[in-house]
Amino acid sequence: MRQTLFDKITANRLFSDKLPLETRIANLACISGIFGALVAILIKAAQGIPSGAIVFLLVSLAASTGLYAALTRTGHNKAGIIVLLVGVTDILIPYTFFYGGGFSSALPIYLVLAVVLQSLLFRGTDFLIMAGINLTIIVCCILYAGFHPEAIVFVIEDRRLLVVDILQGLLICSLFISGIFRFQLWTYNNERVKAEEASRVKGQFLANMSHEIRTPLSAIIGMTTIAEQTDDPARKDYSLMQIKNASHHLMGVVNDILDMSKIEEDKLEFDNIPFCFPEIIKRTADLFGFRAGEKRQTITIDLAPEIPGRLLGDDQRLAQVVGNLLSNAIKFTPEGGRIGIRAAWGGEEGGLCAIEVSISDNGIGITPEQQERLFVAFQQAESGTSRQYGGTGLGLTISKRIVEMMGGRIWVESEYGKGSTFSFVVKLARAPEGGGAADAAAGAGAGAAGAAVDAASYDFSAYRLLIAEDVEINREILITLLEPTGIRMDCAENGAEAVEMLAAAPRKYDIIFMDIQMPVMDGYEATRRIRALDDEKARSIPIVAVSANIFKEDIEKSLAAGMNAHTGKPIDIGEAIGYIMEFLEPQPS
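Figured I'd write up the structure that's included with this text. (Residues numbered from 1 in each chain as written. Predicted model: local features only at pLDDT ≥ 70, side-chain atom pairs only at ≥ 80, totals over all residues. Heavy atoms only, no water.)

So, on to the sheet that holds strand β8 (residues 464-468). Strand pairing in a sheet relies on backbone hydrogen bonds. The paired strands run either parallel or antiparallel. With parallel pairing, the 5 strands of this open sheet are ordered in space as β9-β8-β10-β11-β12. The open sheet has two edge strands, β9 (488-492) and β12 (565-568), and neither has a second partner. Going across the sheet, the axis of each strand differs from the next one's by a mean of 20 degrees, ignoring polarity. Here strand β11 (residues 543-547) runs beside β12; their pairing, made up of 4 bridges, is parallel. Paired with Ala545 across the two strands is His566, which belongs to β12. Of the strands in this sheet, β8, β9 and β10 (511-515) are in contact with helix α16 (residues 472-482), which crosses β9 at around 175 degrees. Strand contacts of helix α17 (residues 495-504): β8, β9 and β10, with the helix running at about 130 degrees to β9, the strand carrying the most contacts. (Pairing = 2+ DSSP bridges. Helix = DSSP H or I, 4+ residues; strand = E, 2+ residues; numbered from the N terminus. Axes fitted to C-alpha atoms, helices over the stretch in contact; angles between N-to-C directions. Contact = heavy atoms within 4.5 Å.)

What follows is the structure, encoded as structure tokens:
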């Protein structure tokens, strides 16, 4: 498509649409002012102003322009604008006053233009300061000329030259102001088109979300009804399995939405813990093995032997990227297809190991036009993708952000109808040798998250757990899940009740699962009061926060209140048992 002049201008970093609109207008005003000042100086030279003054004006303009360009290039746009304005108003205007005929010239027009420029670029106190500086300079020039009329060394005596001087001033100001208005109009139309497209895309995204959320909900409600109405144990088990699968899918949709929200607010956080890279790849492949098996697909893994076994980073985020790409490969590859996971060694530099991971398939492939939209938020390769294959359209956007925060990049190579290869590079440090208990705990937690846990294989009958939870069904779920471990359990329906129960018998309980949002007293305040009790065991009893708020700031807030750990809702039995094991010693079963 043919580019207009304004399209070419906006490709420049000074007018990039990534900059705020006011900054772009300011840059346009500055560029226009530079050319306007240059034209005015050249016209003055033609009128006979002494060459020394012309050289000084040109040098001043060049210096101001150079400083403006240097400051803008380093991101200090406001400082660059101020430097340029000081160069133009505080140097060029006085010289124009004394060497251009004072007010018997186009100077009043330029003063008005300066005020207009400052009103466009500055607000409030900044505008008053800049306008005050200009006013002070002009008043000083007038006063000095009043006492020393001979200071105005050049006066335009020819009326025709005076008219020309005024007309060229009006012409420069008109072009300047019309250029800004034209740019504003173009920007407005461009932003309106972008806003309409964004509204359309997000409207389609919301429609996809409605489908993605309602589909598992319909399965959950429908299978629950079937389970209630049947007496066949096999049919009940089948219904429960479908309810579990639909619930996990729904949780995945919610997690994608939360991750996208954190990305847009620039709050996506990362852990930096030791982990086993080959184990992450293999475990992620195992998690999706069932889905691949349903379509009779083959998954192969090829890991370069040079890749260190233990690295430092966020293993869960890395697994999320691999899982997103693997899920897409399974989704868009027909039955009996082949999917390959390959990790290549990219060398080590500056203490960071470069690892390239590729997920290849022989599926439907992607056209070049579709590839351009792949990593854009709220979009999929084509509008019919979500209807045919499902998905939120957020996975690749989230993956792109995660990879970038790990110092890498992500890309795709594909031929329509022949398959695709999604690749990404991450840069991670080697983990120190001998990770000890920290690594073991991390590995146990990761394993628990990825596999079903048999609670009956643990014996915590020697311990008593206090559950502080205001929602009855949540208490019932936790009690039922932990019941096979033999642990004895008491319940408090709010934080105040939990504090009272512990104060009455501080040595009765060995661990607390504390909900955060409860009536009467929340989990934070309850924890602080428990830690303030006059009993050593109460001050040191392990308290695990249980909350649907799982952002890093929520976890940090829980720890700051005195809790020992934080787990999310819906609660994972493996994670719950993992925390009990971390703080208590299980008995042989």
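Here we take up the pattern of salt bridges. The full count for this structure, using the stated rule, is 15 salt bridges. Taking the shortest distance from any N to any O, the salt bridge between Asp490 and Lys508 comes out at 3.5 Å. Taken together, the residues span a long stretch of sequence, with Asp490 in strand β9 and Lys508 in the loop between α17 and β10 at a distance of 18 residues. Classification of Asp490 by relative accessible area gives buried; the value is 17%. The exposure class of Lys508 is partly exposed, given its relative accessible area of 39%. In this structure, the salt-bridge partner of Asp535 is Arg507, at a minimum N-O distance of 3.8 Å. (Salt bridge = Lys/Arg side-chain N within 4 Å of Asp/Glu carboxyl O. Buried < 20%, exposed > 50% of the residue type's maximum accessible area, 1.4 Å probe, protein only.)

Counting 41 residues, the largest nonpolar core has Phe277, Leu318, Leu325, Ile355, Ile359, Phe422 and Phe424 as its most contacted members. For this core, the secondary-structure elements that each account for two or more residues are α9 (277-287), α11 (315-331), β4 (338-349), β5 (352-361), α14 (395-405), β6 (409-415) and β7 (419-430). In terms of residue count, the dominant contributor to this core is α11 (8 residues). Those residues in contact with Phe422, other than ones at most four positions away along the chain, are Leu325, Val357, Ser358, Ile359, Ile366, Leu374, Phe375, Leu396, Trp411 and Val412. (Core = buried A, V, L, I, M, F, W, Y, C linked by side-chain atoms within 4.5 Å.)

So, on to the packing of aromatic side chains. Scanning the model with the defined rule gives 1 aromatic pair in all. Arg409 extends its terminal NZ or CZ atom over the ring of Trp411, reaching a point 4.0 Å from the ring centre. (Phe/Tyr/Trp six-rings, centres within 6.5 Å; stacked < 30°, edge-to-face > 60°. Lys NZ or Arg CZ within 6 Å of the ring centre and 35° of its normal.)

Our next topic: the side chain of Gln297. With respect to the element layout, Gln297 can be found in the loop between α10 (289-294) and β2 (298-303). Owing to a relative accessible area of 8%, Gln297 belongs among the buried residues under this scheme. In terms of polar contacts, Gln297 uses its side chain to reach the backbone carbonyl oxygen of Thr333, at 2.7 Å. Ignoring anything within four residues of it in the chain, the contact list for Gln297 reads Ala292, Ile330, Thr333, Pro334, Gly336, Gly337 and Ile339. (Polar contact = N/O pair within 3.5 Å; in protein donor to acceptor, adjacent residues only side chain to side chain.)

Relative to the helices and strands, Leu533 resides in the loop between α18 (523-531) and α19 (536-540). Linking Leu533 and Ala503, residues 30 residues apart in sequence, is a C-alpha distance of 7.1 Å. When neighbours within four sequence positions are excluded, Leu533 is seen to be in contact with Leu502, Ala503, Ala538 and Arg539.

Here the focus is the packing of α11 against α14. As a packed pair, α11 and α14 sit with axes 9 Å apart at the nearest point and diverge in direction by 145 degrees. Read as a crossing pair, α11 and α14 show a hand that is left-handed. Taken together, the residues of α14 that come into contact with α11 (itself represented by Arg317, Gln320, Val321, Asn324, Leu325 and Asn328) are Gly395, Leu396, Ile398, Ser399, Ile402 and Val403. Partitioning the contact of α11 with α14 into residue classes produces 6 nonpolar, 5 polar and 1 charged. (Left-handed = near helix turned anticlockwise from the far one by under 90°. Nonpolar A, V, L, I, M, F, W, Y, C, P; charged D, E, K, R; others polar.)

A few words on a nonpolar patch on the surface. Together, Phe35, Leu38, Leu42 and Leu58 make up a nonpolar patch on the protein surface, roughly 360 Å² of accessible area in all. If one sorts the elements of the nonpolar patch by residue count, helix α2 (residues 21-47) sits on top with 3 residues. Tracing the sequence through the fold places Leu42 in helix α2. (Patch = residues over 30% accessible without salt bridge, like charges linked within 9 Å, V, L, I, M, F, W, Y side chains within 5 Å. Areas by Shrake-Rupley, 256 points an atom, 1.4 Å probe, with all protein chains shown as cover.)

Further remarks concern the packing of α17 against α18. Contact geometry for α17 and α18: axes closest at 8 Å, N-to-C directions at 15 degrees. What the angle tells us is that α17 and α18 run roughly parallel. Crossing geometry of α17 relative to α18 is assigned as right-handed. Between α17 and α18, the contacting residues are Gly495, Val499 and Leu502 on the first element and Ala526, Arg529 and Ile530 on the second. Counted by class, the contact of α17 with α18 contains 4 nonpolar, 1 polar and 1 charged residues. (Parallel < 35°, antiparallel > 145°, perpendicular 65-115°, else oblique.)

Of the positions making up α18, those classed as buried are Gly523, Tyr524, Ala526, Thr527, Ile530 and Arg531. For α18, the angular spread of the buried residues around the axis is 165 degrees, confining them to a single face. Residues of α18 that are buried make contact with α17, β10, α19, β11 and α20 (552-560). Capping of α18 at its N-terminal end is provided by Asp522; its side-chain oxygen lies 3.1 Å from the backbone amide nitrogen of Tyr524. (Arc of directions from axis to C-beta.)

Glancing now at the environment of Leu502. Mapping Leu502 onto the fold places it in helix α17. By relative accessible area, Leu502 is classed as buried at 0%. In this structure the C-alpha to C-alpha distance between Leu502 and Leu466, which are 36 residues apart in sequence, comes to 8.8 Å. For Leu502, the contacting residues outside a window of four places in its chain are Tyr509, Ile512, Ile530, Leu533, Ala538 and Ile541.

Moving on, we come to unusual backbone geometry. Apart from glycine, the bulk of residues carry a negative phi angle, and the bulk of peptide bonds sit in the trans form. Positive phi, normally seen in glycine, also occurs at Arg296, with a value near 55 degrees. Inspection of the secondary structure puts Arg296 in the loop between α10 and β2. Classification of Arg296 by relative accessible area gives exposed; the value is 57%. One non-glycine residue, Val520, adopts positive backbone phi at about 70 degrees.

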